[in-house]
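Understanding the architecture of this molecule
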Amino acid sequence: MSLREQLCEYGRRAVELGLVIGTSGNLSVRQGDLVAVTPSGAALDRLTPEMCPIVDVEGYLVEGELQPSSETPMHLAVYETTDAQAIVHTHSVFGTVVATTMTELPPVHYNALLLGGVIKVAAYATYGTPELAANVRAALEGKRAALMANHGGVTIGATLEQAFESTRLLEWLCEVYVRGLGVGKPTILTEEQLAAVVERALNPPEFPRR
């Protein structure tokens, strides 16, 4: 599957799962010095491969008739400072709720470790600006996900599939926390408890054979 076809496939899935609405959200995937990105102002479930522009890592349009997403500068900034090969940005409901009310998402479940533990909320800045790109880069340091204040979420991965699955996990963690607040005060896992999870994962028990 080509890079552009991947954008179409995961764009459709993002809409189907309610992670974006209207023309919000954007995805990109990198190969070498080229980045395929979703176009500006297009619904992600109506994309065709030829609609997706390709830019180089310096932000120059290399191929395509449509303009790249307005968030392309943020994508390129993240590629510059991380090992990401794919990025997913959504306006999911629970992620946005957390991003409008908190400065970070605490680890209410040990699966938060898959994203780096505590998820930071990048300071607010107008979309598409260098300020937002810088804020997101800072929030992603050492993480696979970040939230963007009063905006949405962003995840990275070695592949678009990995970045998308991280988006799904981020939304699940946000939903667990928000719904937990409706019942009581969510219990936050301690550093010791999280360290024990890491130790367990690195040294799983061996079951005896018959």
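Residues numbered from 1 in each chain as written. Predicted model: local features only at pLDDT ≥ 70, side-chain atom pairs only at ≥ 80, totals over all residues. Heavy atoms only, no water.

So, the pattern of salt bridges
One pass over the structure, following the stated rule, counts 8 salt bridges. We note a salt bridge from R12 to E9, for which the minimum N-O separation is 3.4 Å. Taken as a pair, R12 and E9 lie in helix α1 (residues 3–16) at a separation of 3 residues, close to a single helical turn. Its relative accessible area of 31% is what places R12 among the partly exposed residues. Looking at E9, the relative accessible area reads 29%, which means it is partly exposed. Three or more residues joined by partner-sharing salt bridges are found here, namely R13, E165 and R168. (Salt bridge = Lys/Arg side-chain N within 4 Å of Asp/Glu carboxyl O. Helix = DSSP H or I, 4+ residues; strand = E, 2+ residues; numbered from the N terminus. Buried < 20%, exposed > 50% of the residue type's maximum accessible area, 1.4 Å probe, protein only.)

Brief notes about the environment of V37
Its location among the elements puts V37 in strand β2 (residues 34–37). Separated by 32 residues in the primary sequence, V37 and S69 place their C-alpha atoms 6.9 Å from one another.

Brief notes about helix α3 (residues 93–101)
Every α-helical turn comprises 3.6 residues, leaving residues that sit three or four positions apart pointing alike. Where α3 is concerned, the buried positions are F94, G95, T96, V98 and A99. Of the surrounding secondary structure, the elements contacted by the buried residues of α3 are β6 (104–105), β7 (119–122), β8 (145–148), β9 (152–157) and α5 (160–183). (Contact = heavy atoms within 4.5 Å.)

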